[in-house]
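Each chain, letter by letter, is given below.
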Amino acid sequence: MTPARLLSLDALRGLAVVLMMEQHMAVWLWRSEPGVSPIAQAPVLMALNGLGGLAAPTFITLAGAGTTLLARARPTGVDAILVRRGLIVMGFGWLLNLLTPSWFSAGSWFVLHLMGLGMATAPLWRRLSDRALLIGQALLLLAAPLVQHWLRTPELLVNDRMRRLDLPGGPLRLAFAEGQFPIVPWLGLFLGGIVVGRWLQQGRTAPILRMASVLLVTGVALAAVALRTGPHVGVWDRLFQIRLSFYPATPAIVLLLQSGTLLLLLGALALERRGRIGERGWLVALGRASLTLLLVHVVVFRELTRPLGAWQAFSAEIALAIVGAWVIVCALAARLWQRVGYRYGAEWLLRIFGG
């Protein structure tokens, strides 16, 4: 049987938080030229920025897997623990809304809200069969274009739209369809993650590879249809469409992103089996502090850069240098913090008050 805590999962969370910080910070620090393609201006920065798209799908999928592994580690009272932890994670999301008014409104719906909701409702999902959970994931993916078409969601959601509370439905509209990571379709990744957690418990990687392959092939097929038929307006376009931005998410991009997450997971598991991932590894330390780092980097680089005159003020090279320096500082701090169990950080608070 697989141990309740896999170092490979911690390392993957560490990689995800590095990708997320790079994706956010590069855009917030870089001064781009209007009217010129960002890829042409800064190809390296944009390539790294594209990899950052794997961060949130990885966090969501691992949160689902974590509910399964937690149930094995805590055989009694696990439902109450999941509900408490989920509500606390959602609380961190709402705290971030308040601390980052330049980005979020009080009712914004970000990845923390989605993961928290998944955890809080996990007692409803974790007793379902693998087939039921995977069907649920598929239905949520298929529902996305239908819901977006029904609500007349713009084909490209900008930040101002994803924070609006004055449209019909208010914050529920953001939570279900028009936030950064709404329930439809992103909760599907959490449900699939529960199944992945069961396979991890059983020490089975073949089903994970099969799932990754099916997601990848289906995503590529949908993207190929979009390229062949060209842009159209309507519900079917939302099914096939591929954009660099996944706001709003289409089934094609979600399938491709989750397949990437599962392939990264398989790679991390292989490295752990070979003894390449240790308790004191840099990515492991970053992963165990990932919730704190997510919160801190948003406030520091989204809010504090503005009064300091650092908001979108640098060349691509300097922006990347700042990102690199920040990641190194975070890695060193996480290694030192590991010695005291990440005391007083977000993860520590989650354990203390969530159980």
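Under an unreviewed UniProt entry, the name given to the protein is DUF1624 domain-containing protein, and the organism recorded is Nannocystis pusilla.

## Brief notes about the overall build of the protein
When helices and strands are tallied, the protein shows 17 helices and zero strands. Taken over the C-alpha trace, the protein has a radius of gyration of 20 Å; the compact-globule value for 355 residues is 20 Å, and the two agree within 12%. Among the 355 residues that make up the protein, the fraction classed as buried is 55%. Within the protein, counting contacts between residues at least 6 apart in sequence, those at least 24 apart form 78% of the total. Accessible surface, the protein as shown: approximately 15,900 Å² in total, 69% of it carbon and sulfur. Side-chain charges in the protein split into 32 positive and 15 negative, and the spacing between the mean points of these groups amounts to 9 Å.

## Notes on the pattern of salt bridges
Side chains that differ in charge, positive against negative, can pair when their charged atoms come close. A full pass over the atoms with the stated rule returns nine salt bridges. The residue R127 makes a salt bridge to D79 at a minimum N-O spacing of 2.7 Å. Taken as a pair, R127 in the loop between helix 7 (122-125) and helix 8 (130-151) and D79 in helix 5 (residues 78-99) lie far apart in primary sequence, 48 residues in all. A salt bridge links R198 to D130, with the shortest nitrogen-to-oxygen separation between them at 2.6 Å. Separated by 68 residues along the polypeptide, R198 in helix 10 (residues 183-201) and D130 in helix 8 bring together distant segments of the chain. Residues joined by salt bridges that share partners form a network here, namely D10, R13, E279 and R288.

## Some thoughts on the packing of aromatic side chains
This model, assessed by the stated rule, comprises 14 aromatic pairs. An angle of 75° between the planes, with centres 5.3 Å apart, marks the rings of F246 and Y247 as edge-to-face. For F246, a relative accessible area of 8% puts it in the buried group. Among the aromatic residues, those joined into a ring-pair cluster are W28, W103, F104, F110, F181, W186, F246, Y247 and W311. Above the plane of the ring of W282 lies R335, whose end atom (NZ or CZ) is 4.3 Å from the centre.

## Concerning unusual backbone geometry
Look at the link from V184 to P185: it is a cis peptide, with omega at 15°. The omega torsion of the bond from Y247 to P248 falls at -5°, within 30 degrees of zero and hence cis. Tracing the chain through its elements places P248 in the loop between helix 12 (235-240) and helix 13 (251-273). Backbone geometry places Y344, a non-glycine residue, at a positive phi of 75°.

## Focus on the environment of R276
Residue position: R276 is located in the loop between helix 13 and helix 14 (282-288). A relative accessible area of 64% means that R276 is categorised as exposed. Between the alpha carbons of R276 and A331 there is a distance of 18 Å; along the sequence they are 55 residues apart.

## Digging into the UniProt feature "domain: Heparan-alpha-glucosaminide N-acetyltransferase catalytic" (unreviewed entry) in the protein
Within this structure's numbering, the places UniProt gives as "domain: Heparan-alpha-glucosaminide N-acetyltransferase catalytic" (unreviewed entry) are residues 5-203. End C-alpha to end C-alpha, residues 5-203 measures 13 Å, and it is 71% helix and 0% strand.

## Description of the nonpolar core
By size, the foremost hydrophobic cluster in this structure holds 107 residues, and its most contacted members are I60, V111, L112, F181, W186 and I208. If we ignore the near neighbours within four places in the chain, the residues touching I208 are V196, W199, L200, L262, L265, L266 and L269.

## Overview of the environment of Q180
Looking at the element boundaries, Q180 is found in the loop between helix 9 (170-178) and helix 10. Remark: the alpha-carbon pair of Q180 and L114, spanning 66 residues in sequence, is separated by 9.5 Å. Each residue touching Q180, except ones within four places of it in the same chain, is listed here: W103, F104, W109, F110, N159, M162, W186 and Y247. Among the polar contacts made by the side chain of Q180, one reaches the side chain of N159 at a distance of 3.5 Å.

## Examining a nonpolar patch on the surface
A contiguous nonpolar patch, built from L209, L216, V220 and L263 and spanning about 320 Å² of accessible area, is present on the exposed surface. Broken down by element, the residue count for the nonpolar patch peaks at three residues, all from helix 11 (residues 206-229). If you trace the backbone, L216 turns up in helix 11.

Conventions adopted
Residues numbered from 1 in each chain as written. Predicted model: local features only at pLDDT ≥ 70, side-chain atom pairs only at ≥ 80, totals over all residues. Heavy atoms only, no water. Helix = DSSP H or I, 4+ residues; strand = E, 2+ residues; numbered from the N terminus. Rg over C-alpha atoms; globule rule 2.2 N^0.38 Å. Buried < 20%, exposed > 50% of the residue type's maximum accessible area, 1.4 Å probe, protein only. Contact = heavy atoms within 4.5 Å. Areas by Shrake-Rupley, 256 points an atom, 1.4 Å probe, with all protein chains shown as cover. Lys, Arg positive; Asp, Glu negative; His and termini not counted. Charge placed at Lys NZ, Arg CZ, Asp CG, Glu CD. Salt bridge = Lys/Arg side-chain N within 4 Å of Asp/Glu carboxyl O. Phe/Tyr/Trp six-rings, centres within 6.5 Å; stacked < 30°, edge-to-face > 60°. Lys NZ or Arg CZ within 6 Å of the ring centre and 35° of its normal. UniProt positions renumbered as here; feature names shortened; annotations may be inferred. Core = buried A, V, L, I, M, F, W, Y, C linked by side-chain atoms within 4.5 Å. Polar contact = N/O pair within 3.5 Å; in protein donor to acceptor, adjacent residues only side chain to side chain. Patch = residues over 30% accessible without salt bridge, like charges linked within 9 Å, V, L, I, M, F, W, Y side chains within 5 Å.

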